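This is what each chain is made of:
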Amino acid sequence: MLEGQALLDKARSLSNRPEDQIARACGYVGPSGRVLKKNFYRALVAAKGYTLPSGGAGGSGASGLSKGRQAEFRTRVHGNGNLLIGQAYTRRMGLEPGQEFRIEIHKETGSIWLLPLDGAGNALP
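Conventions and cut-offs
- Residues numbered from 1 in each chain as written.
- Predicted model: local features only at pLDDT ≥ 70, side-chain atom pairs only at ≥ 80, totals over all residues.
- Heavy atoms only, no water.
- Helix = DSSP H or I, 4+ residues; strand = E, 2+ residues; numbered from the N terminus.
- Buried < 20%, exposed > 50% of the residue type's maximum accessible area, 1.4 Å probe, protein only.
- Contact = heavy atoms within 4.5 Å.
- Areas by Shrake-Rupley, 256 points an atom, 1.4 Å probe, with all protein chains shown as cover.
- Core = buried A, V, L, I, M, F, W, Y, C linked by side-chain atoms within 4.5 Å.
- Salt bridge = Lys/Arg side-chain N within 4 Å of Asp/Glu carboxyl O.
- Arc of directions from axis to C-beta.
- Pairing = 2+ DSSP bridges.
- Phe/Tyr/Trp six-rings, centres within 6.5 Å; stacked < 30°, edge-to-face > 60°.

### Side note on the overall build of the chain
Argument step 1. A count of helices and strands for the chain gives four helices and two strands.
Argument step 2. Counting from the amino terminus, helix and strand elements in the chain follow one another as α-α-α-α-β-β.
Argument step 3. Counting only residues that meet the buried cut, the chain has 16% of its 125 residues in that class.
Argument step 4. Counting only contacts in the chain whose residues sit at least 6 apart along the sequence, the fraction spanning at least 24 positions is 17%.
Argument step 5. Counting only carbon and sulfur atoms, one obtains 53% of the accessible surface of the chain, whose full area is about 10,100 Å².

### Some points on the nonpolar core
Argument step 1. One finds Leu 7, Ala 11, Leu 14, Ile 22, Ala 23, Cys 26, Tyr 28, Val 35, Leu 36, Phe 40 and Ala 43 forming the largest nonpolar core, which totals eleven residues.
Argument step 2. Looking at this core, the elements that each hand over two or more residues are α1 (4-13), α2 (19-25) and α3 (37-47).
Argument step 3. The contacts of Leu 14, once residues within four sequence positions are left out, are Ile 22 and Ala 25.

### Here's the deal with the environment of Leu 36
Argument step 1. Following the sequence through the fold, Leu 36 ends up in the loop between α2 and α3.
Argument step 2. Relative accessible area serves as the criterion here: at 16%, Leu 36 is assigned to the buried category.
Argument step 3. The spacing of Leu 36 and Arg 24 is twelve residues in sequence and 8.2 Å in space, taken between C-alpha atoms.
Argument step 4. The residues contacting Leu 36, other than those within four sequence positions of it, are Met 1, Tyr 28, Val 29 and Gly 30.

### Examining the pattern of salt bridges
Argument step 1. The final tally for this structure, using the stated rule, is three salt bridges.
Argument step 2. Between Lys 37 and Asp 20 there is a salt bridge, with the nearest N and O atoms lying 3.1 Å from each other. Linking Lys 37 in helix α3 with Asp 20 in helix α2, this pair joins segments that are 17 residues apart in sequence.
Argument step 3. The exposure class of Lys 37 is partly exposed, given its relative accessible area of 35%.

### As for α3
Argument step 1. Within the span of α3, buried status applies to Phe 40, Ala 43 and Ala 47. End-on view of α3: buried residues confined to an arc of 65°, all on one side of the axis.
Argument step 2. At its buried positions, α3 is contacted by α1 and α2.
Argument step 3. A positive phi of about 100° marks Gly 49, the residue just after α3.

### Remarks on the pairing of strand β2 (residues 111-116)
In regular strands, side chains alternate between the two faces of the sheet.
Argument step 1. Taken together, the six bridges between strand β1 (residues 101-106) and β2 define a ladder with antiparallel strand orientation. Note that in β2 the partner of Glu 104 across the bridge is Trp 113.
Argument step 2. The hairpin turn running from β1 into β2, its antiparallel successor, is four residues long, and Gly 110 in that turn takes a positive phi close to 75°.

### What about the packing of aromatic side chains?
Argument step 1. With the rule as written, the count across this model stands at two aromatic pairs.
Argument step 2. A connected cluster of aromatic rings, assembled from ring pairs, spans Tyr 28, Phe 40 and Tyr 41.

Written out as structure tokens, the structure reads:
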């Protein structure tokens, strides 16, 4: 991974390329092949002479405590028409695999409701 002036020079020479390609060319790639953008940006900032608070082992912020990936309250309809809400939300709602729901669509509010079903297929109160 390039650092300092070597990083700045290489990044400047590739400035007409996408960010991922620049980071990859500067050596900011993890063992799995994933581009390490955060490390790349931090190295660029450091090469420019700015110091950032040390986040410890991959942490961020002044405290150094990282919460990891945070759920983003957004989704989109996939090309096959499916709408996925994801594990972060089902876990937060306390849902378990195999639970069944009735879907109600409220056109006036534009909302979708999931109504839990009991064992007989009736909506729970």
